[in-house]
Amino acid sequence: MLKEDYLSGQVLLIDKPLNWTSFQVVNKLRWEIRQAFNIKKIKVGHAGTLDPLATGLLVICTGKMTKQIDTFQGQIKEYTGTLVLGSTTPSYDLETEINETFPTNHINETLITEATKQFIGDIQQYPPVFSALKKDGKRLYEFARAGESVEIKPRTVHISEFEITKIDTSTTLSTSSSTALSKGSIHVDFRVVCSKGTYIRSLANDFGKALNSGAHLSALRRTKIGDFYVDNSITIESFIKNLHME
């Protein structure tokens, strides 16, 4: 592509790596585009934040296409990931250490599968306190890291699909509701299709509660936004390599 293409507007599908913030990806791509074409200023933004510990599809818009960011953000999203039953963390994921453990000996495969039905449709969800949402001009994670309590209001989100794809435990699973898994962590792989504003970390936390236990997210990957698929995305390294070959 030419300089004019980026200025007039492009939609870039990037596979965000682990431990990068969405903001860091935007900054990196903006800098590389400016350097490649000797551009002093160009608009670059993303259509939907991914947490640093999440990977997958990040829709990046350049130039005039940044006007479409709100439209892309509002589209249906799909995620795959893993949650761990039997323990919780303050951030609902691995950003923070485990702060509490719970029994899992009463949980079986049938209960896990049946529990997903509680979360289909419109649900009320509390965003994690370790999030970038703002309250009184401050990010929620700023309150959390400072040890300050803050009131968080629930909001309505929509989950159209919640599928359990794998259950991993050290014991042999039983599909019988009368046979429970042994005590210890249970790793559950899942796929979720949801609306804008859904926090999968909060879903993991709530899922643990629904099973009278606790849970946290151990892995998350965004696979789809609207008609954009992660299978059609490229890595940051590939984008930079292609950019400087143009």
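Preceding block: the structure.
To start, this report covers the structure provided alongside it. For clarity, every value in this text was computed on a predicted model and none was experimentally measured. (Residues numbered from 1 in each chain as written. Predicted model: local features only at pLDDT ≥ 70, side-chain atom pairs only at ≥ 80, totals over all residues. Heavy atoms only, no water.)

Moving on, we get to the layout of surface pockets. Of the voids in this model, the second largest pocket is the one considered here, and its volume is about 170 Å³. Taken together, 15 residues line the second largest pocket, and the ones lying closest to its centre are L53, A54, S218, A219 and L220. Elements with a contribution of two residues or more to the lining of the second largest pocket: strand 3 (54-62), strand 4 (77-85) and strand 12 (215-225). Considering every element that reaches the lining of the second largest pocket, the biggest residue donor is strand 12, with five residues. (1 Å grid on protein atoms, 1.4 Å probe; cavity = no way out; pocket = protein on both sides within 12 Å on 5 of 7 lines; lining within 4 Å. Points joined across faces, edges and corners; volume = space filled by probe spheres on them. Helix = DSSP H or I, 4+ residues; strand = E, 2+ residues; numbered from the N terminus.)

Moving on: the pairing of strand 12. The side chains of a regular strand alternate, residue by residue, between the two faces of the sheet. For strand 3 and strand 12, the ladder comprises three bridges, and the chain directions are parallel. Counterpart to A54 in the pairing with strand 12 is L220. Here strand 4 runs beside strand 12; their pairing, made up of nine bridges, is antiparallel. Note on strand 12: the bridge partner recorded for V84 is H216. (Pairing = 2+ DSSP bridges.)

Right, let's get into the nonpolar core. Core analysis: the largest hydrophobic core is formed by 28 residues, its most contacted members being L85, I112, F162, F190 and F207. Going through the elements one at a time, strand 4, helix 4 (109-115), strand 10 (155-168), strand 11 (186-194), helix 6 (200-210) and strand 12 are the ones with two or more residues in this core. Filtering out sequence-adjacent residues up to four positions away, L85 remains in contact with T104, I107, I112, G184, S185, I186, V188, F207, G208, L211, G214 and A215. Core analysis: the second largest hydrophobic core is formed by 17 residues, L12, I33, I60 and I240 among them. (Core = buried A, V, L, I, M, F, W, Y, C linked by side-chain atoms within 4.5 Å. Buried < 20%, exposed > 50% of the residue type's maximum accessible area, 1.4 Å probe, protein only. Contact = heavy atoms within 4.5 Å.)

The next subject is the packing of helix 2 (residues 22-37) against helix 7 (residues 236-243). It is the contact of helix 2 with helix 7, at a shortest axis distance of 10 Å, that shows an interaxial angle of 10 degrees. The angle between helix 2 and helix 7 places the two elements in the roughly parallel class. For the pair helix 2 and helix 7, the contacting residues are V25, K28, L29, E32, I33, A36 and F37 in the first and I236, F239, I240 and L243 in the second. Across the contact of helix 2 with helix 7, the residue classes break down as nine nonpolar, no polar and two charged. (Axes fitted to C-alpha atoms, helices over the stretch in contact; angles between N-to-C directions. Parallel < 35°, antiparallel > 145°, perpendicular 65-115°, else oblique. Nonpolar A, V, L, I, M, F, W, Y, C, P; charged D, E, K, R; others polar.)

One pass over the full model with this rule turns up seven aromatic pairs. Look at Y6 and F37: their rings are 5.5 Å apart centre to centre, the planes differ by 40 degrees, and that puts the pair in the tilted class. Note that Y6 is positioned in helix 1 (residues 3-8) and F37 in helix 2, a separation of 31 residues in sequence. Taking 6.2 Å as the distance between ring centres and 70 degrees as the angle between the ring planes, the aromatic pair formed by F119 and F162 counts as edge-to-face. Here F119 is found in the loop between helix 4 and strand 7 (121-125), whereas its partner F162 is found in strand 10, with 43 residues between them in sequence. (Phe/Tyr/Trp six-rings, centres within 6.5 Å; stacked < 30°, edge-to-face > 60°.)

Turning to the pattern of salt bridges, a few remarks are in order. If the charged atoms of two oppositely charged side chains come close together, the side chains can form a pair. In this structure the tally under the stated criterion is seven salt bridges. We note a salt bridge from D51 to R201, for which the minimum N-O separation is 2.8 Å. Highlighted residues: D51 in the loop between strand 2 (44-46) and strand 3 and R201 in helix 6, separated in sequence by 150 residues. For D51, a relative accessible area of 24% translates into the label partly exposed. Close ionic contact of R191 with E161 constitutes a salt bridge, the shortest N to O distance being 2.4 Å. In this pair, R191 sits in strand 11 while E161 sits in strand 10, placing the two residues 30 residues apart along the sequence. (Salt bridge = Lys/Arg side-chain N within 4 Å of Asp/Glu carboxyl O.)

A cluster of basic residues, K41, K43, K64 and K67, forms a positive patch on the protein surface. Tracing the backbone through its elements, the reader meets K43 in the loop between helix 2 and strand 2. (Patch = residues over 30% accessible without salt bridge, like charges linked within 9 Å, V, L, I, M, F, W, Y side chains within 5 Å. Areas by Shrake-Rupley, 256 points an atom, 1.4 Å probe, with all protein chains shown as cover. Lys, Arg positive; Asp, Glu negative; His and termini not counted. Charge placed at Lys NZ, Arg CZ, Asp CG, Glu CD.)

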